[in-house]
Amino acid sequence: MTRPPLEPFHPRDPDYAARVRASFDLQQAMALIGARLAVVEPGYTEIHLPFKAEITQQHGFIHGGVVGMIADSAAGYAANTLTPADSSVLTVEYKLNLIAPADGERLVARGEVIRSGRTLIITKAEVFAIKAEQWTLCAVMQQTIMAMHGRKEKGS
């Protein structure tokens, strides 16, 4: 499934992709569930998550909390692509709608910036469950991110 065209965002950090990937590598929670940061573009990221029995709920679907984790991270990293090199980001709030079971061989979370301000960045994410190459939208999220200027991440 191809993604729709994005608004033209211009990163403030020419090395944004390397910085965002390094930040993702610091997230032990993403490593724990087996997620990987597959796409990093200005204002857009994708996180891919293979099915693992250890992250399912009682019906055998990937747990909604895990769906929320990858949506939060995909949208947060989309925001982080647009921040200056000396900044980091933190989620202020998000609203997640689970609209279908996360029933698939893998999930893809697509995070996208809606509006990028100096301090607050509004993002959205869509999470798809992919089964036999059939993409099913299973969650949508809207999020507010805070850019923390002059505050790098732990470990960077």
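Values in this document were obtained by computation on a predicted structure and should not be read as measured data. (Residues numbered from 1 in each chain as written. Predicted model: local features only at pLDDT ≥ 70, side-chain atom pairs only at ≥ 80, totals over all residues. Heavy atoms only, no water.)

Side note on the overall build of the protein chain
So, step 1. Along the protein chain, the regular secondary structure elements total three helices and six strands.
So, step 2. Secondary structure elements in the protein chain, listed N-terminal to C-terminal, are α-α-β-β-α-β-β-β-β.
So, step 3. Since a compact globule built from 156 residues should have a radius of gyration of about 15 Å, the 15 Å found for the protein chain is in line with a globular shape.
So, step 4. When the backbone C-alpha atoms are referred to their principal axes, the protein chain occupies close to 45 × 35 × 25 Å. (Helix = DSSP H or I, 4+ residues; strand = E, 2+ residues; numbered from the N terminus. Rg over C-alpha atoms; globule rule 2.2 N^0.38 Å.)

Notes on the packing of aromatic side chains
The way to describe two aromatic rings as a pair is by their centre distance and the angle between their planes.
So, step 1. For the structure shown, the criterion picks out two aromatic pairs.
So, step 2. An angle of 65° between the planes, with centres 5.9 Å apart, marks the rings of phenylalanine 24 and tyrosine 77 as edge-to-face. In this pair, phenylalanine 24 sits in helix 1 (residues 16-26) while tyrosine 77 sits in helix 3 (residues 64-80), placing the two residues 53 residues apart along the sequence. (Phe/Tyr/Trp six-rings, centres within 6.5 Å; stacked < 30°, edge-to-face > 60°.)

Observations regarding the pairing of strand 1 (residues 36-41)
So, step 1. In this structure, strand 1 lies alongside strand 2 (residues 44-50), joined through five bridges in antiparallel fashion. Residue pairing across strands places valine 39 opposite glutamate 46, the latter belonging to strand 2.
So, step 2. Hairpin connection from strand 1 to strand 2: two residues lie between these consecutive antiparallel strands, with glycine 43 at a positive phi of about 80°. (Pairing = 2+ DSSP bridges.)

Here's the deal with the pattern of salt bridges
So, step 1. Applying the stated rule across the entire model yields four salt bridges.
So, step 2. With its nearest N and O atoms 3.1 Å apart, the salt bridge here joins lysine 131 to aspartate 103. With lysine 131 in strand 5 (residues 120-131) and aspartate 103 in the loop between strand 3 (88-98) and strand 4 (106-116), this residue pair connects regions lying 28 residues apart in the sequence.
So, step 3. Given a relative accessible area of 32%, aspartate 103 falls into the partly exposed group.
So, step 4. Taking the shortest distance from any N to any O, the salt bridge between arginine 106 and glutamate 133 comes out at 3.1 Å. With arginine 106 in strand 4 and glutamate 133 in the loop between strand 5 and strand 6 (134-148), this residue pair connects regions lying 27 residues apart in the sequence. (Salt bridge = Lys/Arg side-chain N within 4 Å of Asp/Glu carboxyl O. Buried < 20%, exposed > 50% of the residue type's maximum accessible area, 1.4 Å probe, protein only.)

Considering the side chain of arginine 19
So, step 1. You can see arginine 19 is positioned in helix 1.
So, step 2. The residues touching arginine 19, leaving out its near neighbours within four places in the chain, are Asp13, Asn80, Thr83, Pro84, Ala85 and Ser87. (Contact = heavy atoms within 4.5 Å.)

Looking at the pairing of strand 5
Two faces belong to every sheet, and in a regular strand the side chains alternate between them.
So, step 1. Direction of pairing for strand 4 relative to strand 5: antiparallel, over a ladder of ten bridges. Residue pairing in the sheet places arginine 106 in a bridge with isoleucine 130 of strand 5.
So, step 2. In sequence, strand 4 turns back onto strand 5 through a hairpin of three residues.
So, step 3. Bridge count between strand 5 and strand 6: twelve bridges; the pairing is antiparallel. The residue of strand 6 that forms the bridge with isoleucine 130 is tryptophan 135.
So, step 4. Counted along the chain from strand 5 to the antiparallel partner strand 6, the turn is two residues long, and its residue alanine 132 has a positive phi close to 50°.

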